[in-house]
Amino acid sequence: MLRALSLEPERCTGCLQCEMACSFENDGVFNPAKSRIKVFAFHEEGRFAPYTCTQCDEAWCMKACPVDAIVINAETGSKDVLDSVCVGCKVCTIACPFGTINYNSSTGKVIKCDLCGGDPHCAKACPTGAITYVDADSTGMERMRAWAQNRPEAGPNYITPVEKDIQTYQRP
Amino acid sequence: MAWAKKILRVNLSEGSVKSEPLNMEWAQQYLGQRGLASKYLVEEIDPKCDPLGPDNKLIFTTGPLTGTMASTGGRYSVVTKGPLTGAIACSNSGGYLGAELKMAGWDMIIFEGRSPEPVYLYISNDKAELMSADGIWGKSVWAADKIIRAKHQDPQIRIACVGRSAEAGCFYSAIINDLHRAAGRSGVGTVMASKNVKAVVCRGTQGVGNIKDPMAFMKATEEGKKVLRENAVTGAGLPQFGTQVLMNVINETGALPTRNMQEVQFKGASKISGEAMHEPRKSDGKPNLTTNAACFGCTIACGRISTIDKTHFSVENKPQYWGNSGGLEYEAAWALGAATGVDDLDALTYANFVCNEDGLDPITFGATVGAAMELYEKGAITKQDTGGIKFKFGKAEVLTKAVELVAAGEGFGKDLGLGSKRLCEKYGHPELSMSVKGQEFPAYDPRGIQGMGLAYATSNRGACHLRGYTVASEVLGIPEKTDPLVTEGKAGLVKAFQDATAAFDSAGICLFTSFAWSLDDVAPQIDAACEGGWSTEKLLELGERVWNMEKEFNLEAGFTKADDNLPPRLISEAAGSGPAEGKVNELDKMLPEYYAARGWDEQGVPTADTRQRLGLS
Amino acid sequence: MKITLKLFATLGVYLPTHATGNVVELDVPEGTTPDEVIDRLDVPGDLVHLVLLNGVYLDKNQRSSRVLKPGDAVAIWPPVAGG
Amino acid sequence: MDHIVIGAGPAGVVAVEQLRKHDPNGGIVLIGDEPEPPYSRMAIPYYLVKRIDEAGTHLRKDPGHYGALGIEVLRDRVSSIDTANQEIMLDAGSSRRYDRLLIAAGASPITPPISGVDLPGVYNCWTLEDARSIIKLMEPGNSVVLVGAGFIGCIILEALAASGVKLTVVETENRMVPRMMNDVSGGMIKDWCSNKGVNVLTSTRVNAIEAAHPLLVRFDNGEEVAADLVITATGVAPNTAFLEGSGIDVDAGIVVNEFLETSVPNVYAAGDCARGKDFSTGGYSVQAIQPTAVEHGMLTARNMVHGHSQGNRGQVNMNVLDTLGLISSSFGMWMGVDGGDSVERIDRDRFRYVNLQFEDDRIVGASALGMTDHVGVLRGMIQSKTRLGDWKEKLQDDPTRVMEAYLANTQVLG
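For clarity, every value in this text was computed on a predicted model and none was experimentally measured.

### Quick word on the nonpolar core
- Of all hydrophobic cores here, the largest spans 218 residues; its most connected members are Ile250, Trp334, Phe365, Phe391 and Tyr444 of chain B.
- Every residue in contact with Ile250 of chain B, bar those within four places of it in the chain, is listed here: Ala255, Leu256, Tyr330, Ala443, Tyr444, Val471 and Val475 of chain B.
- Met62 and Cys92 of chain A together with Leu388 and Leu395 of chain D belong to the second-largest nonpolar core, a separate cluster that totals 102 residues.

### Considerations on the packing of aromatic side chains
- Summed over the entire model, instances satisfying the criterion amount to 21 aromatic pairs over all chains.
- An angle of 15 degrees between the planes, with centres 4.6 Å apart, marks the rings of Phe8 of chain C and Trp77 of chain C as stacked. Here the residue Phe8 of chain C occupies a position in the loop between strand 1 (2-7) and strand 2 (23-27), and Trp77 of chain C occupies one in strand 5 (residues 73-77), the gap between them amounting to 69 residues. Here Phe8 of chain C matches Trp77 of chain C in class, with each residue buried.
- Both rings, one in Trp192 of chain D and one in Phe351 of chain D, keep their centres 5.0 Å apart while their planes meet at 80 degrees; by these two values the pair is edge-to-face. Of this pair, Trp192 of chain D sits in helix 6 (residues 183-195) while Phe351 of chain D sits in the loop between strand 24 (341-347) and strand 25 (352-359); the two residues are 159 residues apart in sequence, bridging distant segments of the chain. Taken as a pair, Trp192 of chain D and Phe351 of chain D share a single burial class, namely buried.
- One aromatic cluster in this structure is built from Tyr330, Tyr444, Tyr469, Phe512 and Phe515 of chain B.
- Lying across the ring of Phe171 of chain B, Arg422 of chain B places its NZ or CZ 3.9 Å from the centre.
- The side chain of Lys481 of chain B reaches across the aromatic face of Tyr57 of chain C, ending 4.3 Å from its centre.

### Details of the interface of chain C and chain B
- Contacts between the two partners involve 19 residues from chain C and, on the opposite side, 26 residues from chain B.
- Taking both partners together, chain C and chain B bury about 1,800 Å²; carbon and sulfur atoms supply 69% of that area.
- Taken together, the links from chain C to chain B amount to one salt bridge.
- With a closest N to O distance of 2.5 Å, Glu252 of chain B and Lys6 of chain C form a salt bridge.

### Some points on the sheet that holds strand 3 (residues 50-53) of chain C
Residue and element names in this part refer to chain C.
- One open sheet accounts for five strands, arranged 2-1-5-3-4; its pairing is mixed. If you trace the sheet from one side to the other, it starts and ends with strand 2 and strand 4 (56-57), each paired once.
- Relative to strand 4, strand 3 runs antiparallel, the two sharing two bridges. Counted as the bridge partner of Leu53 is Val56 from strand 4.

### Brief notes about the arrangement of the chains
- Between all four pairs of chains that are in contact, chains A and D come out with the most contacts.
- The smallest C-alpha distance separating chain A from chain C is 18 Å, and no contact links them.
- If you take every C-alpha in chain C and every C-alpha in chain D, the smallest gap between them is 22 Å, and the two do not touch.

### Quick notes on the interface of chain A and chain D
- Contacts between chain A and chain D engage 51 residues on the former and 58 residues on the latter.
- Of the roughly 4,600 Å² buried between chain A and chain D, counting both surfaces, carbon and sulfur atoms make up 60%.
- On the surface where chain A and chain D come into contact, there are three salt bridges.
- Its salt-bridge partner being Lys90 of chain A, residue Asp322 of chain D comes within 2.9 Å of it at the nearest N-O pair.

### Topic: the packing of helix 21 (residues 519-529) of chain B against helix 22 (residues 536-557) of chain B
All names here are of chain B.
- Running from N to C, helix 21 and helix 22 cross one another at 100 degrees; their axes reach a closest spacing of 8 Å. Viewed along their axes, helix 21 and helix 22 adopt a mutual orientation that is roughly perpendicular. Taken together, the residues of helix 22 that come into contact with helix 21 (itself represented by Leu519, Asp520, Val522, Ala523 and Ile526) are Thr536, Leu539 and Leu540.

### Section: the pattern of salt bridges
Residue and element names in this part refer to chain B.
- For the structure on display, the rule yields 71 salt bridges over all chains.
- The shortest N-O distance in the salt bridge between Lys426 and Asp415 comes to 2.7 Å. You can see Lys426 sitting in helix 17 (residues 419-426) and its partner Asp415 sitting in helix 16 (residues 412-416), a full 11 residues away along the chain.

### Focus: the pairing of strand 2 (residues 27-32) of chain D
All names here are of chain D.
- For strand 2, a buried count of five out of six residues is recorded, marking the element as mostly surrounded by other parts of the structure.
- Across five bridges, the pairing between strand 1 (residues 2-6) and strand 2 is parallel. In the strand pairing of strand 2, Ile6 is matched with Ile31.
- Where the polypeptide runs from strand 1 across helix 1 (residues 10-22) and back to strand 2, its parallel neighbour, the crossover connection is right-handed.
- Taken together, the five bridges between strand 2 and strand 3 (residues 71-75) define a ladder with parallel strand orientation. Counted as the bridge partner of Gly32 is Arg75 from strand 3.

### What to know about the packing of helix 18 (residues 450-458) of chain B against helix 20 (residues 490-505) of chain B
All names here are of chain B.
- The geometry of helix 18 relative to helix 20 is characterised by a closest axis approach of 9 Å and an angle of 55 degrees between their N-to-C directions. Considering their axes alone, helix 18 and helix 20 lie oblique with respect to each other. The interaxial crossing formed by helix 18 with helix 20 has right-handed handedness. Contacts from Gln450, Gly451, Leu454, Ala455 and Thr458 of helix 18 reach helix 20 at Lys490, Ala491, Val494 and Gln498.
- Along the lines of polarity and charge, the residues of the contact of helix 18 with helix 20 split into four nonpolar, four polar and one charged.

### Topic: helix 1 of chain D
All names here are of chain D.
- The end-to-end C-alpha separation of helix 1 is 18 Å, in line with the 18 Å expected for 13 residues at 1.5 Å each.
- Extensive coverage of helix 1 is indicated by the burial of 12 of its 13 residues.
- Listed in full, the buried residues belonging to helix 1 are Pro10, Ala11, Gly12, Val13, Val14, Ala15, Val16, Glu17, Gln18, Leu19, Arg20 and His22.
- Residues of helix 1 that are buried in the fold lie against strand 1, strand 2, helix 3 (65-68), strand 3, strand 7 (100-103) and helix 7 (290-306).

### Examining a positive patch on the surface
All names here are of chain B.
- A cluster of like positive charges, contributed by Lys383, Lys390, Lys392 and Lys395, occupies part of the molecular surface.
- Examined against the element boundaries, Lys383 turns out to sit in helix 14 (residues 383-386).
- Classification of Lys383 by relative accessible area gives partly exposed; the value is 39%.

Here is what the cut-offs are and how they apply
Residues numbered from 1 in each chain as written. Chains lettered and ligands numbered in written order. Predicted model: local features only at pLDDT ≥ 70, side-chain atom pairs only at ≥ 80, totals over all residues. Heavy atoms only, no water. Core = buried A, V, L, I, M, F, W, Y, C linked by side-chain atoms within 4.5 Å. Buried < 20%, exposed > 50% of the residue type's maximum accessible area, 1.4 Å probe, protein only. Contact = heavy atoms within 4.5 Å. Phe/Tyr/Trp six-rings, centres within 6.5 Å; stacked < 30°, edge-to-face > 60°. Helix = DSSP H or I, 4+ residues; strand = E, 2+ residues; numbered from the N terminus. Lys NZ or Arg CZ within 6 Å of the ring centre and 35° of its normal. Buried area = accessible area lost by both parts, 1.4 Å probe. Salt bridge = Lys/Arg side-chain N within 4 Å of Asp/Glu carboxyl O. Pairing = 2+ DSSP bridges. Axes fitted to C-alpha atoms, helices over the stretch in contact; angles between N-to-C directions. Parallel < 35°, antiparallel > 145°, perpendicular 65-115°, else oblique. Right-handed = clockwise from strand over helix to strand, strands pointing away. Left-handed = near helix turned anticlockwise from the far one by under 90°. Nonpolar A, V, L, I, M, F, W, Y, C, P; charged D, E, K, R; others polar. Expected span 1.5 Å × (residues − 1). Patch = residues over 30% accessible without salt bridge, like charges linked within 9 Å, V, L, I, M, F, W, Y side chains within 5 Å. Areas by Shrake-Rupley, 256 points an atom, 1.4 Å probe, with all protein chains shown as cover. Lys, Arg positive; Asp, Glu negative; His and termini not counted. Charge placed at Lys NZ, Arg CZ, Asp CG, Glu CD.

Right, dumping it as structure tokens:
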């Protein structure tokens, strides 16, 4: 069964261990600026929200890529950037409606979460269980609920980011 | 390695910024952060210089573990000659700024001279520039933060800033980073403002990559995190209740300094305690505490994020204070509460917010208000002096007004901004200042915790709990329980805590790890990160070297044995209640033992043997 | 006889409902020890870390031997620290 | 069912793949008139700087990709369409019947009405063939004049500058990328390029190109520049000439309805040649951008096979551009809407710029310089019409916090 990253903002303390683990795994340095997962701080609200690619079925990034540099990992279902093919045109970065694929100016390529090939280091590094790697199906309900609260006025027959694409959220 | 091996030297008088290599020979002797920056300060300034003059220097410094995956590896310190004390000052802060500095590729920033115009330093990786502080000078930290962010258009920049209090010359202004983390004590913010520097704004995207043995480092840091996770204090106690859990502990122990240390127990303690922060309020049903939060890299997450009841008098019609921000830590809650006799949790939280908003050390501020209240009680100051405010113990309205005045540097706030020593001297009662070397005590009465009396008296930056926290042993039983009411063995205990603490403070990690970690847990992490073979023994010796170096700076600055002392109240007026009832602090018994244990002569001067043993030249 | 029991931090949930704040007055038989009071309220033993009798630290081995006197105050914390 | 797709660009290629998905057994023919396998014009700049070889520009890397899907790829050119009989006529002389036809014929560069544009050494930069010719003249030290600083001109600008040529860019409007950036940000891109040694002439026209040195470009301000190579990039126009007489309505692009069907039943249009629905305006216009081509391709394939179940809510017009390291992007109604609010932050010294346009409490448009992290969320918020509530005010205070605004309004933050 496919697994997905489950993100629970309520458990996040903003320590950024996930960002360091991610950048260390991918680039060999501790560098949150190059992390594929990002913790956003909400100071006034007293909240932190870890956020990364949901490996959405629509795969906006993959479809927008003009050179076929983003492919589905058959094992994990993640959408992976092939560095050898990516030309750095950045079309995917504006196409992804979740803002989770970014241009890395030091390599001239784009970067996104690839689930570390099925062993996501961010989840391993998270000290509070705010990031866990779980069976994909178990995250579905909450995603739909989150989306339903923010559904645009348009009816269901329109092409737009749809429920299954919305980041998972689960109350502990 | 882990060091960036680069220092940013900012000559404010010339308006120049330049990069220079880190002195790696010193790095082997002093590691980083507190130790290494103190070495630079000691080498570069005249200990007799005016702390607020251009000859003083201000050093922002990280440690080798700052910006790494080591738990709590996000610390930085600010080292300078402190204006509150005239002694060497080193104030340590968490948040995210320290790691960002490292990510930008810098171990340290050394500010020297004085800028002719208000400026701020903008660092973007290896580029650094001084920029005009027009538009932010005269603004609070919180207001300036917004303006700077809007200007630089980068939500990820990190900012350390001084508030209006520092600009107004308050002697105990802090440097606030990330809105509510503080390099808090000794007036390091005052020094920054005296140099016409409003803020350090940093964005680092280079990361920290020069780890000596990355795989060994990941293993060592993971083991360290496991120890923190499995330890009941760092794994559960601190995240759940924060440091504020101590309020009731210390009150029960009879060591909660109350009303300018006239008493050792506070009836209102439970109302301002960590437990009280969890209680739903009557008015809005929400607790004071929203959540706990971590600093960069911290797997403990003891930070408090709080709100104030919107209907509370302090914030009525002031929506800017209705959101969440940094809540009360134990020391702040004590100073703003017990020291002043105020037991209104929301008033304390408001005062704490304002301390962050305008960059004040809440410990010195609260203690100074407590001193002012006693001066008022004694008739030494009157309503004429205070601008009409009745400075009575226990009045929440006095506390909230006072913090606003000091924050803005207005009215009686100017007097309160002097700190308790100068304030009490000004009004003819120097004995009423509860301070050592001009710096106010934190939240542990040395009559009820004897070792803390010695720790305060000998602390190189003036009275301080973060230089030798023997409370851990004397009250909490970490690592081993000792009797708080006896003096025997305390000299050695204080020395051991002081030396170990200096090592922790030089590494880039938080002292709170020491509730679970010994240096045996720290050494493998440093050793995997840094060249040079780092053992527990080497770290302990480094800690002792740092301590002695700081001491020698103070001696050259003019401090003597007479300054290793406590206010007369604590050695002559007995505690009136609790387990310590009838006791005073017996510093006179402990101090000679301490000097001997340190290898110092009877005047508290390191002997030639000691200096040689530690490699101090 | 009457004694005062204070359960702090996470132990607060083990207080009887009539407790105010973290404090409750209890009627206990003469000869009661701190450990017996702890057992009576079903406080898990591994959470009992810091025990103060009238503000004075009680070592683990004293908790079952020390006999309480009328008016004694026992305060208990789980593992905590601060500073 | 037999499907014919005219045009082997992104819209056509995505369409045939999706057609196969929706119609496992249908006949599918993809017709392209260029000799290469289907490739991406977006990749040409990277081919010019030799970061990739020709194969690196191909839309699909596996040569057997189309065959494996049972898609016939035909190199030919459609000369006309007989919509009454559902047939297309090919240049090669044959004809083919279709049940469903998709026109994804793309666009062609407009040759500016300047004397001398037909001289040797003057090229468009549109096809791989153009690129091959240009590469030969991109010798370091050579003088190159780029006519037009629109999106197409700017994407090859970096390649030209990187190759070490002496580069002059001339643009009739007062700024660079005028259809993507306003005066301020377009001006900042000009400053950036000028600082990097590119000679940028705005509000300037080319009067003539003459055969001398080998070329001489004369401007309307009286100046002239000697050039080894002149590249014109003055816009593109939909390829619709072959539709004459087909009965398919064309009006500055092929007219389609919300199902991307043309005025003739069973004939659809997609990509650069189609006047598709604009998400922001609700009106119909040509959006010659890669993501729109792809979305059109997907939508038409579904509608061709399953009928009109899937309406088109419209595509958000958006662009991203890298001019010598300065990254710019624009989304939707970046120029604003009547009665809307906006916020703009300008830092000329550090080349940072952000502009958000609101209608009510929703973002309807944005443009930025130097913003690369999480920038796609602007598209997401525009397209999902995310209500911002009190975050509108927060964004007006600090418009860079778009990701937080999105999360705060779509996640349950405890």
